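# Examination of the molecular architecture
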Amino acid sequence: MVASGPVTRSTLRQQIADALRDEVLAGRLQPGQEFTVKQIADQYGVSATPVREALVDLSAQGLLDSDQHKGFRVHQFTVADYRGMVEARALIVDGLYRRLTERGMACGIHAPEGVGGGPGAGAPAGPRCPRDGALTSVLRRAEAAARAARAGDLDILIGYDLRFWREMCGLVANRYVADFLHRLRVQAWVFAVPYLRGDRRLCDWLWSGHVELVDAVSEGVPERVMAVIDAYNAHALRWADHLDGAGR
């Protein structure tokens, strides 16, 4: 286990959960690796109670498995699990954008008149969404994530990618949907990290279309937004096919 400095702030439970999640995402805590409450408490120099609470929280998020006799271990996701994550998020996002399209809205802004597949589909686009406020923040995350993906910098990419999708979801979904989608993306990264770190074709498998998605959202055209997201999910499934082909 990686040595860490003592945690001294009041939100111990959340801090420990966040720190351990980062350890898993970084691949320093490997799938199947076991540890006890005492080991984590000693590592962070805190009492057992907030550690146990943090580990229970991570178990509820599907990142850890608990065994009352052995402690906890990092959950081992399969390729089939990963495919299920991609399918689940695709169904939810598709439903969100279909609803927004039916209401004549896209990401909180008015979509062009006629968009949605009706008789007027293909009409000239309406006013573009101004790139200020929330969308400007998402764009900054998008640019950073895309740069990291093209450079093959997995450690930088994961953080920016998760923040990017969390903020993007916040533009169109209530917090319950956004929290669920965020959980799926964290689980997907937990599955992916051990495979990606050992892949010579790393850059080929890191999606870098974040800015393209922000551009589509700023235009207010749901069809283009969904085309980018569909391409994103297809990219993920091609990687799953690659893993299957490699016998993993």
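All values derive from a computational prediction rather than experimental measurement.

### A word on the pairing of strand S2 (residues 64-67)
As defined by bridge partners, S2 adjoins strand S3 (residues 71-74) across four bridges and the pair is classed as antiparallel. Within S3, the residue paired with Ser66 across the bridge is Phe72. Hairpin connection between S2 and S3: a loop of three residues separates the two successive antiparallel strands.

### A word on the pattern of salt bridges
Overall, the coordinates contain 12 salt bridges when judged by the stated rule. Among the ionic pairs, Asp18 bridges to Arg21, the shortest N-O distance being 2.8 Å. Here Asp18 pairs with Arg21, and both are found in helix H1 (residues 12-25), just three residues apart, close to one helical turn. Among the residues examined, Asp18 registers a relative accessible area of 30% and is labelled partly exposed. Arg21 sits in the buried class, given a relative accessible area of 14%. Put simply, Arg224 and Glu219 hold a salt bridge, and the shortest N to O gap is 2.7 Å.

### Topic: the pairing of S3
Pairing geometry for strand S1 (residues 34-35) and S3, over two bridges, is antiparallel. By the bridge assignment for S3, Glu34 is matched with Arg73.

### Brief notes about the nonpolar core
In terms of nonpolar packing, the biggest core is built from 74 residues, with Tyr97, Trp189, Leu196 and Leu213 touching the most fellow members. Ranked by the residues each element gives to this core, the list is headed by helix H7 (residues 175-197), at 11 residues. If near-sequence neighbours (up to four positions away) are discounted, Leu196 is found in contact with Leu154, Trp189, Leu202, Trp205, Leu206 and Trp239.

### Some details on the packing of aromatic side chains
Scanning the entire structure with this criterion turns up nine aromatic pairs. Between Tyr82 and Trp239, the ring centres sit 5.3 Å apart and the planes meet at 85 degrees, which makes this aromatic pair edge-to-face. You can see Tyr82 sitting in helix H4 (residues 79-102) and its partner Trp239 sitting in helix H10 (residues 222-245), a full 157 residues away along the chain. When the centroid spacing of 5.0 Å and the interplanar angle of 55 degrees are considered together, the rings of Phe191 and Tyr195 count as tilted.

About the thresholds
- Residues numbered from 1 in each chain as written.
- Predicted model: local features only at pLDDT ≥ 70, side-chain atom pairs only at ≥ 80, totals over all residues.
- Heavy atoms only, no water.
- Pairing = 2+ DSSP bridges.
- Helix = DSSP H or I, 4+ residues; strand = E, 2+ residues; numbered from the N terminus.
- Salt bridge = Lys/Arg side-chain N within 4 Å of Asp/Glu carboxyl O.
- Buried < 20%, exposed > 50% of the residue type's maximum accessible area, 1.4 Å probe, protein only.
- Core = buried A, V, L, I, M, F, W, Y, C linked by side-chain atoms within 4.5 Å.
- Contact = heavy atoms within 4.5 Å.
- Phe/Tyr/Trp six-rings, centres within 6.5 Å; stacked < 30°, edge-to-face > 60°.

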